[in-house]
Amino acid sequence: MAESEATAERMTVRTHKKRDRNLVTLTGAAAIIALTASFAISAFNSRRRKSKNKGIEGSTVRINISPNEILKLANRIIAKSKEVHDSIASVPIDKVSYANVIAPLADLEAEQFPLIQTCVIPKLVSTSEDARKASIEAERRIDAHIATCSKREDVYRVVKAFSVKGEWMNSEAKHYVKCLVTEFERNGLNLTITKREEAQRLRAQIDELSLRYVQNLNDDSTFVLFSETELVGLPPEYLKSLDKAEDGKFKVTMKSHHVQALLELCKVGTTRKIVATAYGKRCGEVNLSVLERLVDLRHKYARLFGYSNYADYAVDLRMAKTSSKVFEFLEDISASLTDTASRELTMLKDLKTKEEGELPFGIEDLQYYVKRAEEKQFDLDFGALKQYFPVDLVLSGIFKIVQDLFGLRFQVIAEAEVWHNDVSVISVFDLKSAELLGYFYLDLYKREGKYGHTCVLALQNCALSSNGARKVPVALLISQLKKDIGGCPSLLRFSEVVSLFHEFGHVVQHICNRACFARFSGLRVDPDFVEIPALVLENWCYESLSLKLISGFHQDITKPINDEICKSLKRWRYFFSALKIKQEILYCLFDQIIHSVDNVDIVELFKHLHPKVMLGLPKLEGVNPASCFPRSVIGYEAACYSRIWSEVFAADLFTSKFRSDLLNHNVGMQFRDKVLSPGGTKDPIEILSDFLGREPSTQAFLDSRADYGL
């Protein structure tokens, strides 16, 4: 489905946690950094409360506008956009030029995007319910208008005429024009009227069925009743979270948080099997028929555009390019991990035999026995580990690492206007030239009415307008950390530390972009590529040098985590990962096959694939594959492979360039200049090859998972 530009931009973000009230340029040893940062945080908070009405220079994003102003701004955005599109459409075909066709569209995108985001921000972060409602309505209006613009045949004809004219342009401008033409044509504007109407009809059916599929899963109210003895191993807080039936038994719903915790912790094998089976049967035949119909409609839709199947249509504009390349990639990774996964499975089977006797090992046992293996192998108390990750110290360490690697300097804007006292605004400068590179907002703590997930949102894109003025990038990082309580510092779980690094990778990715067109700025990159920089940065969470920079006992921050814990965390990272990856590959192959081949028997396909990929482990009896693949239905159809794809190339970048010298400034600057700076202006393989000095490889990923910790 062709997404609106605004929606695509807003969704090109990833998740994880973050919150900051401090920030300064950080130097010196880790303990001094932490102490200095902690002091700066307090000073910053007291200064910031004096005044919060100062805008940030170079940003046209507006903060704290009223509900009425939100709707008025949305209407002005739409009116201005229509005016520009009407003007371009009126250009005679024989008079088209870069100045009267392309430049106005590029300038409109750059100018309107931060205004659009001004309308969108309140629905995510505003403390006013009225503002959130107005924001939702404004976004609906804007998205509808953008969808209309993307189907304007009169504008398409003019842009297409310019594209074939052959007027001289630089490579980035050529790429921009090509993207404009492609977007119009993927909306059917190069089709005959009959085919275009058919495409619109199919698109509407696909959208309706996709929403129905997801709604069916959301509305599912299935639960299973268990006695307390059938739930042995689950902690008291889990049992307290469950409702009870009249007979006193506990109701375990099929909501993912209930199911995942039970499969990982419950000691009773029959309970695990019952829950895993019930989870895999959700919506049963209803969603199976929806999925079958969806796949058929997608194939028909793709063929209207000249593709042999939907997978080729979906992958064509992604880094992978073809579905055959995706199959080759997935099968290569799966085959290469088979020996390691076999050894892992043997170990898990032995554990089950020792604990439960001669019972067959099933897929429902995987999470539980991996957890048991971890407990036996590692002396890691993640609850106690939290005490070494106070949020302010973690942030100071992240800033130190990023500063040293990428040549950046951070500075708090003490009086910037924000929407809540918890929010801070940071300006980013080039450390050497002192050039302003951009800004970002940090909204890190949980509160009522706030967006419930962690993400980075682009608020303003880097762009060079036709008059030579450059817009600086502005980003927003939202997360859901718990606030300090009663003077006790906010402590992060290790998973939250990793999330913070990941999301900060997206912030740096956005700020360091130097694209001339807003369309290619920061996070507006190939969806197979967008996660790679953030995944690269996650690696610093598992290396002793950086772990000591970001950790310190909350009562004495001069005491970081010890060397043994650092080593354990690094080994734990990929412990039993081969089996986990194979399970993910199973889903990816299923997704790719149903979107590549006509008339697939979905149930039989899953029944065949499961033991083939999972080393002989059969699927659970009665499990319906249509209950297991929501990612295949909406949002990631024919693209589930992308997560593994990104991890593979991120592993190559880190291992080849960073692992031997974690704070190598020269390598960091090469990464900034060659990987982050181009944004979406170049082919991702070209970008990676330029940085690596060779084509990217899967070997580093495979080596990191092979026999790790066994």
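Residues numbered from 1 in each chain as written. Predicted model: local features only at pLDDT ≥ 70, side-chain atom pairs only at ≥ 80, totals over all residues. Heavy atoms only, no water.

**Section: the overall build of the protein chain**
Thinking step 1. The secondary structure content of the protein chain amounts to 29 helices and nine strands.
Thinking step 2. For the protein chain, whose C-alpha radius of gyration is 26 Å, the value lies close to the compact-globule estimate of 27 Å for 710 residues.
Thinking step 3. By its C-alpha atoms, the protein chain is 80 × 65 × 55 Å across when sized along the principal axes.
Thinking step 4. Classification of the 710 residues of the protein chain by burial places 55% in the buried group. (Helix = DSSP H or I, 4+ residues; strand = E, 2+ residues; numbered from the N terminus. Rg over C-alpha atoms; globule rule 2.2 N^0.38 Å. Buried < 20%, exposed > 50% of the residue type's maximum accessible area, 1.4 Å probe, protein only.)

**Points about the confidence of the model for the protein chain**
Thinking step 1. Of all residues in the protein chain, 91% attain a pLDDT of 70 or more, and the chain-wide mean is 90.
Thinking step 2. Taken together, the stretch residues 1–53 has pLDDT below 50 and engages in 156 contacts with residues farther than four places along the chain or on a different chain. (pLDDT = per-residue confidence, 0-100. Contact = heavy atoms within 4.5 Å.)

**Section: the sheet that holds strand S5 (residues 436–445)**
Thinking step 1. Spatially, the five strands line up as an open sheet ordered S3-S4-S5-S9-S6, and their pairing is mixed. Edge strands, defined here as strands with exactly one partner in the open sheet, are strand S3 (408–412) and strand S6 (455–460). On average, each strand axis in the sheet is inclined to that of its neighbour by 25°, with strand direction left out of account.
Thinking step 2. Packing of helix H18 (residues 391–406) onto the sheet brings it into contact with S3, S5 and strand S9 (474–481), and relative to S3 it is tilted by some 140°. (Pairing = 2+ DSSP bridges. Axes fitted to C-alpha atoms, helices over the stretch in contact; angles between N-to-C directions.)

**Focus: unusual backbone geometry**
Thinking step 1. One non-glycine residue, asparagine 64, lies in the positive phi region at around 65°.
Thinking step 2. Tracing the sequence through the fold places asparagine 64 in the loop between helix H2 (30–48) and helix H3 (67–89).
Thinking step 3. Although it is not a glycine, phenylalanine 576 adopts a positive phi angle of roughly 55°.
Thinking step 4. With a relative accessible area of 0%, phenylalanine 576 lands in the buried category.

**What about the pattern of salt bridges?**
Where charged atoms of side chains with opposite charge meet at close range, the side chains can pair.
Thinking step 1. Tallying each qualifying case throughout the model produces 42 salt bridges.
Thinking step 2. A salt bridge links glutamate 374 to lysine 580, with the shortest nitrogen-to-oxygen separation between them at 4.0 Å. Placement of the pair is glutamate 374 in helix H16 (residues 366–377) and lysine 580 in helix H23 (residues 577–594), with a sequence separation of 206 residues.
Thinking step 3. A relative accessible area of 40% places lysine 580 in the partly exposed class.
Thinking step 4. Within this structure, Lys82, Asp86, Arg152 and Asp154 form a network of salt bridges that share partners. (Salt bridge = Lys/Arg side-chain N within 4 Å of Asp/Glu carboxyl O.)

**As for the packing of aromatic side chains**
Thinking step 1. A complete count under the given rule lists 37 aromatic pairs for this structure.
Thinking step 2. Considering the side-chain rings of tyrosine 641 and tryptophan 645, the 5.9 Å spacing of their centres and the 80° angle between planes classify their relative orientation as edge-to-face. Considered together, tyrosine 641 and tryptophan 645 belong to a single accessibility category, that of buried residues.
Thinking step 3. Each residue in the set Phe406, Trp540, Phe654, Phe658, Phe671 and Phe691 is aromatic and connected to the rest through ring pairs, giving one cluster.
Thinking step 4. Across the ring face of tyrosine 279, the terminal group of arginine 282 is positioned such that the distance to the ring centre comes to 3.8 Å.
Thinking step 5. When the ring centre of tyrosine 310 is taken as origin, the NZ or CZ atom of arginine 298, which lies over that ring, is 5.8 Å away. (Phe/Tyr/Trp six-rings, centres within 6.5 Å; stacked < 30°, edge-to-face > 60°. Lys NZ or Arg CZ within 6 Å of the ring centre and 35° of its normal.)

**Quick notes on a negative patch on the surface**
Thinking step 1. A cluster of like negative charges, contributed by Glu285, Glu292, Asp601 and Glu604, occupies part of the molecular surface.
Thinking step 2. For glutamate 285, the location among the structural elements is in helix H12 (residues 284–304).
Thinking step 3. The exposed category is assigned to glutamate 285, whose relative accessible area is 60%. (Patch = residues over 30% accessible without salt bridge, like charges linked within 9 Å, V, L, I, M, F, W, Y side chains within 5 Å. Areas by Shrake-Rupley, 256 points an atom, 1.4 Å probe, with all protein chains shown as cover. Lys, Arg positive; Asp, Glu negative; His and termini not counted. Charge placed at Lys NZ, Arg CZ, Asp CG, Glu CD.)

**Examining the pairing of strand S2 (residues 250–253)**
The side chains of a regular strand alternate, residue by residue, between the two faces of the sheet.
Thinking step 1. Residues Phe250 and Val252 line the buried face of S2, whereas the alternating positions Lys251 and Thr253 sit on a face that is not buried.
Thinking step 2. Pairing geometry for strand S1 (residues 223–226) and S2, over four bridges, is antiparallel. Bridge pairing links valine 224 to valine 252 in S2.

**Regarding the pairing of S6**
Thinking step 1. When you tally the buried positions in S6, you get six out of six residues, the bulk of the element.
Thinking step 2. Examined bridge by bridge, S6 and S9 share five bridges and lie antiparallel to one another. Opposite valine 456, over in S9, you have leucine 477 as the bridge partner.

**Topic: the side chain of serine 521**
Thinking step 1. Among the structural elements, serine 521 can be located in the loop between helix H19 (494–511) and helix H20 (532–538).
Thinking step 2. Among the polar contacts listed, one links the side chain of serine 521 to the backbone nitrogen of cysteine 462, at a separation of 2.8 Å.
Thinking step 3. Setting aside its immediate chain neighbours within four residues, serine 521 contacts Asn461, Cys462, His510, Asn513 and Ala515. (Polar contact = N/O pair within 3.5 Å; in protein donor to acceptor, adjacent residues only side chain to side chain.)

**Structural notes on the nonpolar core**
Thinking step 1. Ranked by size, the top nonpolar core spans 161 residues in total, and within it Leu348, Phe389, Phe440 and Trp540 carry the most contacts.
Thinking step 2. Ignoring anything within four residues of it in the chain, the contact list for leucine 348 reads Phe361, Leu366, Tyr369, Val370, Ala373, Phe576 and Leu579.
Thinking step 3. If you look at the next biggest cluster of nonpolar residues, it comprises 26 residues, including Val96, Ala106, Met169 and Leu180. (Core = buried A, V, L, I, M, F, W, Y, C linked by side-chain atoms within 4.5 Å.)

**What about the packing of helix H8 (residues 193–219) against H12?**
Thinking step 1. Relative orientation of the contacting elements H8 and H12 amounts to 155°, with a least axis distance of 9 Å. As far as their axial angle goes, H12 and H8 are roughly antiparallel. The hand of the H8/H12 crossing is left-handed.
Thinking step 2. For the contact of H8 with H12, the per-class residue count stands at 13 nonpolar, four polar and seven charged. (Parallel < 35°, antiparallel > 145°, perpendicular 65-115°, else oblique. Left-handed = near helix turned anticlockwise from the far one by under 90°. Nonpolar A, V, L, I, M, F, W, Y, C, P; charged D, E, K, R; others polar.)

**Some details on the environment of lysine 151**
Thinking step 1. Of note, lysine 151 is situated in the loop between helix H5 (129–149) and helix H6 (153–165).
Thinking step 2. The sequence separation of lysine 151 and phenylalanine 184 amounts to 33 residues, and the corresponding C-alpha distance is 6.4 Å.
Thinking step 3. Each residue touching lysine 151, except ones within four places of it in the same chain, is listed here: Asn187, Leu189 and Gln200.

**A short note on the side chain of serine 427**
Thinking step 1. Tracing the backbone shows serine 427 in strand S4 (residues 424–430).
Thinking step 2. Overall, serine 427 belongs to the buried group, its relative accessible area being 4%.

**Topic: the packing of helix H15 (residues 338–356) against H23**
Thinking step 1. Where H15 meets H23, the closest approach of the two axes is 7 Å, and the angle between their N-to-C directions is 110°. For the element pair H15 / H23, the angle class is roughly perpendicular. With respect to the hand of their crossing, H15 and H23 are arranged in left-handed fashion. In this structure, H15 contributes Thr338, Thr340, Ala341, Glu344, Leu345 and Leu348 to the contact, and H23 contributes Ser577, Ala578, Leu579 and Lys582.
Thinking step 2. Of the residues contributing to the contact of H15 with H23, the split by class is five nonpolar, three polar and two charged.

**Examining the state of the cysteines**
Thinking step 1. Scanning the model with the defined rule gives zero disulfides in all.
Thinking step 2. Looking at cysteine 588, it has no disulfide partner, and the nearest cysteine sulfur is the one in cysteine 640, 5.7 Å off.
Thinking step 3. The exposure class assigned to cysteine 588 is buried, which follows from its relative accessible area of 2%.
Thinking step 4. Judged by relative accessible area, cysteine 640 falls into the buried class, the value being 6%. (Disulfide = S-S within 2.5 Å.)

**Structural notes on helix H26 (residues 642–658)**
Thinking step 1. When the terminal C-alpha atoms of H26 are compared, their 23 Å separation across 17 residues agrees well with the 24 Å that a helix rising 1.5 Å per residue should span.
Thinking step 2. In terms of burial, H26 is largely enclosed, as twelve of its 17 residues are buried.
Thinking step 3. Ser642, Ile644, Trp645, Ser646, Val648, Phe649, Ala650, Ala651, Asp652, Leu653, Phe654 and Phe658 are the residues of H26 that are buried. (Expected span 1.5 Å × (residues − 1).)

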